[in-house]
Amino acid sequence: MCGFVGFTNKISDSGEVLSRMTESIKHRGPDSEGEYIDSDVALGFRRLSIIDISTGSQPIFNEDGSKVLVFNGEIYNYRDLRAELIDKGHTFTTNTDSEVLLHGYEEWGDQLLNRLRGMFAFVIWDKKSKEIFGARDFFGIKPMYYAEMNGTFMFGSEIKSFLCHPSFEKKLNTDALENYLTFQYSPCAETFFKGVYKLLPAHWFRYKNGIMKTERYWSVNFDDDNKPDLEEWVNRISSTFRDSVEAHKIADVEVGSFLSSGVDSSYVAAVANVDKTFTVGFGEDERYNEIGYAKEFSKYIGKENISKVITADEYWGEFPKIQYHMDEPLADPAAVALYFVCKLASESVKVVLSGEGADELFGGYNIYKEPDDVAIYNAVPMPIRREIGKLCSRLPHKRGVNFFIRRGKTLEERFIGNAYIFSESERKDILAIKTNAPAAAEITKPFYDMVKGKDNVTKMQFLDINLWMTGDILLKADKMSMANSLELRVPFLDKEVMALAQRIPKKYRVTKENTKYAMRMAAHRACPPRTADKKKLGFPVPIRVWLKEDEHYNKVKAEFESENARKFFKPEKLISLLEDHRDGKYDYSRKIWTVYTFLVWYKVYFS
């Protein structure tokens, strides 16, 4: 796992600038560094050595030196591709997966991408054609950002590296702030930094003569296959997942595994047969501490579990540093817990396996049961449900009331993903600024349009794969692991696993009783029933409890009353949320944490 930076060379001190940019992402690759500079382009690289440790440094060149590559990720089928390319006459100078990308692009152009199995973000500079080609993996496991400012095109693994370039203009994108208040992450292509964009998952780009072209090369295609029975699907899941885990274990260093109390990480750990598992928790309350379970399960599979209890002081104390590493604010409290488990693992191994992606691919979130939970109410005509929803929206928003409010809207109107923090009226109520941010439905519409005619569960999964998983789940997985110089691999997010998962009928994904139904049946073959059948929990963090304690309440209140807060928000509205939460009127912890996260991030990058 690595990190890279680059820019079109328009400056006289490109070497010094490139060095500063590369140094800013040293955490992504502390083992070595490399650079390439000519009159047109500058490329910088930091390496975390995993495969071909002795000779795999970058940048890497093709046979005649006309093409240069920098690459972040792992290609799990590189050995097969390498053999094929050698048969076609290509000459390799290393045993790395990196070099396969370079020769593969020479041979197949952008068609190379659909041959790959792995996670990747890479850039190739063609000296002859003066063209930059770059691509990002199917799911967006590995990040890629780009910007064009003052005649300079820059790109890299992290936005923070751009700040070192003299052409970069640091401006806050307030549209991103308003979107973030609803989604809890930045859901659009343009980031919190004005003019800086994400290369979207499953996209490639070409940049030449000042012109940027991007194109999508792959997409998920849910298409139920009702011929196989449940047992056959379970057999297929078991076989395909085991194959993926074996591929994801390819490394020249030791591989470990994260472990919570859930089925996803437990299934990975059981199948992977790694030597060590890693777990963190909070206090002694079992709602927030899964260490006891993890140790019990690790004993069951005959492996060592290494664990740590995170204190509130540690959690809050490291938070600014974590937002620095995140590049953009992310209000998922689990991101901080992930940072600590990555830090713990990095003391023992360089590579860990994790369970991200299982919920999106196999239908694991509890909210996916919602369309079938109350089928009888679905029979009520929508116009009547809308009127009931409008009446209920005037009442205090509690569990029963929220049901009628949500059911007064279509799925496309009410579901934007696993997080829905501030409604559009609520976010405008607390903001002291006006933005041009689109409505949430405008952001989700292109994805809903791609699955018209599908059942509601499939629509929800597709939306989460394209927005929530990329913007939240995989963002924190990459940034928190790389902050600790640790490679995190996700065997559920494999192209072959996805090809299987997208054919599983909805009846074997989500039932009234359970989620990830077929996948859980497969997990039964490696895990005890208590684990395989465990209800989805997530990464529990006691934020709502801490916000009622004076120390943390006062810390947040100080930020809400700060000059920075007054630039964007109405402080009295923020304080009201905080006080109502402390007084137990309603659980506003997610809303409070979303605003607080932004203010901490803003202080790190703009104050």
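Residues numbered from 1 in each chain as written. Predicted model: local features only at pLDDT ≥ 70, side-chain atom pairs only at ≥ 80, totals over all residues. Heavy atoms only, no water.

1. Quick word on the layout of surface pockets
Empty space among the atoms becomes visible once a probe the size of a water molecule is rolled across them.
At step 1: The computed volume of the second largest pocket comes to approximately 410 Å³.
At step 2: Lining the second largest pocket are 28 residues, and of these Arg136, Lys198, Leu200, Pro201 and Thr470 lie nearest its centre.
At step 3: Each residue belonging to the lining of the second largest pocket can be placed in one class, and the counts come to 15 nonpolar, six polar and seven charged. (1 Å grid on protein atoms, 1.4 Å probe; cavity = no way out; pocket = protein on both sides within 12 Å on 5 of 7 lines; lining within 4 Å. Points joined across faces, edges and corners; volume = space filled by probe spheres on them. Nonpolar A, V, L, I, M, F, W, Y, C, P; charged D, E, K, R; others polar.)

2. Comments concerning a negative patch on the surface
At step 1: The grouping of Asp313, Glu549, Asp550 and Glu551 at the surface amounts to a negative patch.
At step 2: By secondary structure assignment, the location of Asp313 is in helix 8 (residues 312–317). (Patch = residues over 30% accessible without salt bridge, like charges linked within 9 Å, V, L, I, M, F, W, Y side chains within 5 Å. Areas by Shrake-Rupley, 256 points an atom, 1.4 Å probe, with all protein chains shown as cover. Salt bridge = Lys/Arg side-chain N within 4 Å of Asp/Glu carboxyl O. Lys, Arg positive; Asp, Glu negative; His and termini not counted. Charge placed at Lys NZ, Arg CZ, Asp CG, Glu CD. Helix = DSSP H or I, 4+ residues; strand = E, 2+ residues; numbered from the N terminus.)

3. A look at the UniProt feature "site: Important for beta-aspartyl-AMP intermediate formation" (unreviewed entry) in the protein
At step 1: UniProt feature "site: Important for beta-aspartyl-AMP intermediate formation" (unreviewed entry): in the numbering of this structure it lies at Glu356.
At step 2: By the element assignment, Glu356 lies in the loop between strand 16 (351–353) and helix 11 (358–362).
At step 3: Residue classification places Glu356 among the buried positions, given a relative accessible area of 13%.
At step 4: If near-sequence neighbours (up to four positions away) are discounted, Glu356 is found in contact with Ile473, Leu474, Ala477, Leu488, Val490, Phe492 and Leu493.
At step 5: Within polar-contact distance, the side chain of Glu356 engages the side chain of Ser354 at 2.5 Å. (UniProt positions renumbered as here; feature names shortened; annotations may be inferred. Buried < 20%, exposed > 50% of the residue type's maximum accessible area, 1.4 Å probe, protein only. Contact = heavy atoms within 4.5 Å. Polar contact = N/O pair within 3.5 Å; in protein donor to acceptor, adjacent residues only side chain to side chain.)

4. A few points about the UniProt feature "binding site: ATP" (unreviewed entry) in the protein
At step 1: Summarizing the sequence annotation, UniProt attributes the feature "binding site: ATP" (unreviewed entry) to Val280, Ser354 and Gly355 in the numbering used throughout.
At step 2: Tracing the backbone shows Ser354 in the loop between strand 16 and helix 11.
At step 3: Discounting residues that sit within four places of it in the chain, Ser354 has contacts with Phe258, Val268, Leu488, Arg489, Val490 and Pro491.
At step 4: Inspection of the secondary structure assignment puts Gly355 in the loop between strand 16 and helix 11.
At step 5: Here Gly355 falls in the buried class, since its relative accessible area comes to 12%.
At step 6: Contact partners of Gly355, with chain neighbours within four places excluded, come to Asp264, Ser265, Val268 and Phe492.

5. Considerations on the nonpolar core
At step 1: Among the nonpolar cores identified, the biggest contains 180 residues, and Phe122, Phe569 and Phe598 are the most heavily contacted of them.
At step 2: With 14 residues, the single largest contributor to this core is helix 19 (residues 456–483).
At step 3: With sequence-adjacent residues up to four places away left out, Phe569 is seen in contact with Leu177, Leu181, Ile430, Leu431, Ala432, Leu574, Val595, Phe598 and Leu599.
At step 4: Formed by 19 residues, the second largest nonpolar core is a distinct cluster that contains Val70, Leu199, Phe205 and Tyr207. (Core = buried A, V, L, I, M, F, W, Y, C linked by side-chain atoms within 4.5 Å.)

6. Structural notes on the side chain of Asp126
At step 1: Looking at the element boundaries, Asp126 is found in strand 6 (residues 118–126).
At step 2: Assessed through its relative accessible area of 13%, Asp126 is described here as buried.
At step 3: A polar side-chain atom of Asp126 sits 3.0 Å from the main-chain amide nitrogen of Lys128.
At step 4: Setting aside its immediate chain neighbours within four residues, Asp126 contacts Ser66, Lys67 and Glu131.

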